[in-house]
Amino acid sequence: YKCTFSGVDMSIGIITIILLGIKRFEKIDDLLHTETKLAQVIGLKRFFDKTYARRFLDKFSLSHLRQLDEVNMAILREFGDSVKQSVVILDIDQTTHSLESRKREKATRGYNKKNKGKPCYQWDVGFINNEIVSQSLADGREHCSKGFIPIIEDVLHKISPASLIARVDGGYMSADRLNWIVENKLQIISVVNWDDFLSNNKDIKVGELSFEHFFVEEDDEKTEKKVHKKISAASVGACRIYRKSKHKFQAVLVKVEQEQISIKKRRKHYRYVIIHNVSGLTRTRSIFDFYHQRQTIENFFKESKNPFHSGKMPSQRFRSN
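Residues numbered from 1 in each chain as written. Predicted model: local features only at pLDDT ≥ 70, side-chain atom pairs only at ≥ 80, totals over all residues. Heavy atoms only, no water.

Turning our eyes to something else, we now look at the pattern of salt bridges. A full pass over the atoms with the stated rule returns nine salt bridges. Asp139 serves as the salt-bridge partner of Arg141, at 3.3 Å between the closest nitrogen and oxygen. Exposure remark for Arg141: the relative accessible area of 61% places this residue in the exposed category. By sharing partners, the salt bridges in this structure join Asp69, Asp154 and Lys158 into a single network. (Salt bridge = Lys/Arg side-chain N within 4 Å of Asp/Glu carboxyl O. Buried < 20%, exposed > 50% of the residue type's maximum accessible area, 1.4 Å probe, protein only.)

Moving on, we get to the confidence of the model for the protein chain. Mean pLDDT for the protein chain: 87, with 95% of residues reaching 70 or above. When pLDDT is averaged over each helix and strand of the protein chain, the minimum, 80, is found for helix H10 (residues 296-305) and the maximum, 94, for strand S5 (residues 187-192). (pLDDT = per-residue confidence, 0-100. Helix = DSSP H or I, 4+ residues; strand = E, 2+ residues; numbered from the N terminus.)

Where helix H4 (residues 50-58) is concerned, the buried positions are Tyr52, Ala53, Phe56 and Leu57. Projection of H4 onto a plane perpendicular to its axis shows the buried side chains occupying an angular sector of 125°, all on one side. Against the buried residues of H4 lie helix H1 (7-19) and helix H2 (28-32). Capping the start of H4 is the job of one residue whose side-chain oxygen sits 3.2 Å from the backbone nitrogen of Thr51: Asp49. (Arc of directions from axis to C-beta. Contact = heavy atoms within 4.5 Å. Polar contact = N/O pair within 3.5 Å; in protein donor to acceptor, adjacent residues only side chain to side chain.)

Next up on the list: the environment of Gly147. The topology assignment puts Gly147 in the loop between strand S3 (131-139) and helix H6 (148-159). Along the primary structure Gly147 and Tyr172 are separated by 25 residues, whereas in three dimensions their C-alpha atoms are 8.8 Å apart.

Now for the packing of aromatic side chains. Using the criterion set out here, one finds twelve aromatic pairs in the structure. Taking the centre distance of 5.3 Å and the plane angle of 75° together, the rings of Tyr121 and Phe318 count as edge-to-face. Pair noted here: Tyr121 is in strand S2 (residues 120-128) and Phe318 is in the segment after H10, with a separation of 197 residues, a long-range link. Of the residues examined, Tyr121 reaches a relative accessible area of 0% and is grouped as buried. (Phe/Tyr/Trp six-rings, centres within 6.5 Å; stacked < 30°, edge-to-face > 60°.)

The grouping of Val8, Ile12, Ile15, Ile18, Leu19 and Phe308 at the surface amounts to a nonpolar patch, some 560 Å² of accessible area in total. Tracing the backbone through its elements, the reader meets Phe308 in the segment after H10. (Patch = residues over 30% accessible without salt bridge, like charges linked within 9 Å, V, L, I, M, F, W, Y side chains within 5 Å. Areas by Shrake-Rupley, 256 points an atom, 1.4 Å probe, with all protein chains shown as cover.)

With that settled, the discussion passes to a positive patch on the surface. Taken together, the side chains of Arg66, Lys106, Arg317 and Arg319 make up a positively charged region of the molecular surface. Considering the arrangement of structural elements, one finds Lys106 in the loop between strand S1 (87-98) and S2. Looking at Lys106, the relative accessible area reads 44%, which means it is partly exposed. (Lys, Arg positive; Asp, Glu negative; His and termini not counted. Charge placed at Lys NZ, Arg CZ, Asp CG, Glu CD.)

What follows concerns the sheet that holds S3. Strand order in the open sheet formed by nine strands is S3-S2-S1-S4-S5-S9-S8-S7-S6, with mixed pairing between adjacent strands. The sheet is open, and its two edges are formed by S3 and strand S6 (212-219), each paired on a single side. With direction set aside, neighbouring strand axes in the sheet form an average angle of 25°. Where strand S4 (residues 163-167) meets S5, three bridges bridge the pair, whose relative direction is parallel. Across the sheet, the residue bridging to Ile165 is Gln187, located in S5. Each of S1, S2, S3, S4 and S5 is contacted by H6, which is oriented at about 145° to S3, the strand it contacts most. Running over the sheet, helix H7 (residues 175-183) touches S5, strand S8 (248-257) and strand S9 (269-276) and is turned about 160° from S5. (Pairing = 2+ DSSP bridges. Axes fitted to C-alpha atoms, helices over the stretch in contact; angles between N-to-C directions.)

And the structure:
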């Protein structure tokens with residue numbers, strides 16, 4: 001099988017296939033076999049078939065992945081805003097790719113909340129100003145916290161900002177990672193469990209705190225309507241988050257009033273604690289708003305999985321995917 005298409009031709013063709021909304025390589029032959037005019041627009045004589053596409057991806061090695069990463073950074077340096085910022089706000093999150101076949105390399109029945117029992121991959125992504133700067137695909141059993149330090153180190157190596165603020169959810173938090181953040185002179189804002197925090201800070205009396213009350217507007221995924229939620233937040237100052245943590249962080253207790261529905265175990269409030277060491281961030285409402293700006297990450301994951309079909313892994317080889 002001697003491929004008559006160059007690496008550039010194959011790359012441009014695969015990108016075009018994704019942009020056209022074609023989910024799988026199997027459909028290339030049926031949908032693009034006669035599209036010679038479209039192929040000429042992007043510089044090809046004709047579109048390649050599914051076998052060419054698979055064999056091209058299966059040849060990928062670690063050096064090719066590094067080349068792709070360099071291409072991504074070159075595009076960001078020329079057209080992006082993330083590399084031009086002196087103070088970088090790095091949003092790190094993970095999403096799960098459920099796979100239809102168990103034959104995919106490193107696809108395991110790991111942490112798959114929505115499709116329990118299905119094999120999956122874990123995709124870790126680091127965003128700056130809604131631009132992907134660092135990412136990695138991992139085994140389905142790998143916890144999100146394992147990618148926390150590698151992604152930050154990768155971003156620092158690529159950009160070298162004057163200051164970096166990591167904005168993550170509670171799954172990434174531990175005493176060792178908080179110690180690592182402070183020792184490397186970085187900043188972080190995250191959330192921790194309400195009960196765990198109060199058990200480590202028994203001197204805090206919640207009933208004696210003066211809570212600030214305000215409303216926030218959110219989109220309800222089920223009804224697609226705007227929902228106004230009542231928020232109660234109170235700052236408790238610098239606290240030790242975990243027993244093994246060497247440093248103190250500012251903490252804000254947050255209570256979100258839940259919608260009253262007929263479920264016996266339904267709590268009246270959803271409670272959590274926002275922690276941070278971000279300089280200049282003092283007002284309770286500002287801390288709450290700054291942390292919840294990271295919710296735009298979820299929109300990116302939805303777009304990548306639906307219009308761009310990133311969950312349809314084309315190969316049985318892990319590195320190809």
